[in-house]
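# Coordinates in review
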Amino acid sequence: MALLLYFMDKIKLGKITAPQGVKGEFRVFPYTDEITRFSEIDYVLIDGEKHKISKARYQKNLVILKVEGIDDRNAAEDARGKELLLNKEDMWVQPENTYFIEDLVGMDVVSADDGSSIGKLAKVIQNSSQDVYEIKLEEGKSFLLPAVKEFVKEVDVENRVMKIHLIEGFIQ
């Protein structure tokens, strides 16, 4: 299950980590698990300012980006640590089973087996191998659930319900 972050009406695409070379390119740590998506968009927002993407290439798990308006190493250095945003309406078409984290948090979590209430999705923890959901039980305790098809059987964003399959040992 791929997840993306959004803030208000903006999608958080990644964070600028460092300049790359002397012509204004910079390295981006992407927040999406499909980094080649940067080739599918026309611009990014940096500090609310729109910058047309001139070039996107990829190195391991990083994106090397060149945008108009950042033309030398000093300008790229000034952008270090800033987040890249995109207006939500300009985002690529999301593949099936891809959700915004903010759309999931607070969802009711129920048993896929018998429909009984389990609790609420309190937090999404993003790891390199897979996301993990922190589910807060009705009695106040919480447990962690790997966000994989074996356990997460259905996500209904419209009705704000997630159906999960629990195995023995998840809830202590």
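Structure: see above.
Presented here is a report on the structure given in the accompanying data block. Positions within a chain are numbered from 1, following the residues in the order the chain's sequence is written. Since the coordinates come from a predicted model, pLDDT governs what is reported: local features require at least 70, and pairs of side-chain atoms require 80 or more to be given and counted, while whole-chain, interface and lining totals use all residues. Each side-chain value is worked out from all heavy atoms of the structure, with water and hydrogens disregarded.

## What about the nonpolar core?
By size, the foremost hydrophobic cluster in this structure holds 23 residues, and its most contacted members are Leu13, Phe26, Val28, Phe38, Val44, Leu65 and Leu84. Secondary structure counts use DSSP, requiring at least four H or I residues in a row for a helix and at least two E residues in a row for a strand, with both numbered from the N terminus. For this core, the element with the highest residue contribution is strand β4 (residues 43-46), accounting for four residues. Contacts between residues were defined by any pair of non-hydrogen atoms, one from each residue, lying within 4.5 Å. Setting aside its immediate chain neighbours within four residues, Val28 contacts Gly14, Lys15, Ile16, Thr17, Phe38, Leu62, Val63, Leu65 and Leu84. Throughout this description, the term nonpolar core refers to a set of buried Ala, Val, Leu, Ile, Met, Phe, Trp, Tyr and Cys residues connected via side-chain atoms within 4.5 Å. Burial status follows relative accessibility: with a 1.4 Å probe on protein chains alone, a residue under 20% of its type maximum counts as buried, one over 50% as exposed, and anything between as partly exposed. Among the nonpolar cores identified, the runner-up in size contains 20 residues, and Val109, Leu121, Val124 and Phe170 belong to it.

## Concerning the sheet that holds strand β9 (residues 108-111)
Taking strand neighbours across the sheet as the criterion, the six strands line up as β12-β11-β10-β9-β14-β13 in an open arrangement whose pairing is mixed. Each edge of the open sheet is held by one strand with a lone partner, namely β12 (142-146) and β13 (152-156). Here the average twist between neighbouring strands, direction ignored, is 35°. Pairing between two strands is assigned when DSSP locates at least 2 bridges connecting them. The pairing of β9 with strand β14 (residues 161-164) spans four bridges and is parallel. For Asp108, the partnering residue across the bridge sits in β14 and is Val161. The axes are straight lines fitted to the C-alpha atoms, using for helices just the contacting stretch, and the angles between their N-to-C directions are given from 0 to 180°.

## Section: the packing of aromatic side chains
What counts as a ring pair is set by centres within 6.5 Å for rings of Phe, Tyr and Trp (its six-membered ring), and what kind of pair is set by the plane angle: stacked under 30 degrees, edge-to-face over 60, tilted for all other angles. Counted according to the given criterion, the structure contains one aromatic pair. In this scheme, the term charge over a ring applies when either NZ of a lysine or CZ of an arginine sits within 6 Å of the ring centre and within 35 degrees of the ring normal. For the cation-ring pair, Lys50 lies above Tyr43, with the distance from its terminal atom to the ring centre recorded as 4.4 Å.

## Focus: the pattern of salt bridges
What makes a salt bridge here is a side-chain nitrogen of Lys or Arg within 4 Å of a carboxyl oxygen of Asp or Glu, nothing more. Scanning the model with the defined rule gives nine salt bridges in all. The salt bridge partner of Glu25 is Arg57, with a shortest N-O separation of 3.0 Å. One end of the pair, Glu25, is in strand β3 (residues 25-30); the other, Arg57, is in strand β5 (residues 49-59), and 32 residues separate them in sequence. With a relative accessible area of 12%, Glu25 lands in the buried category. Its relative accessible area of 29% is what places Arg57 among the partly exposed residues. Look at the salt bridges and you will find they share partners, linking Glu25, Lys55 and Arg57 into a network.

## Some points on the environment of Ala112
For Ala112, the position within the fold is in the loop between β9 and β10 (117-126). Considered as a pair, Ala112 and Ala76 are 36 residues apart in the sequence and their alpha carbons are 49 Å apart. Among all residues touching Ala112, those that are not within four sequence positions of it are Lys153, Lys163, Ile164 and His165.

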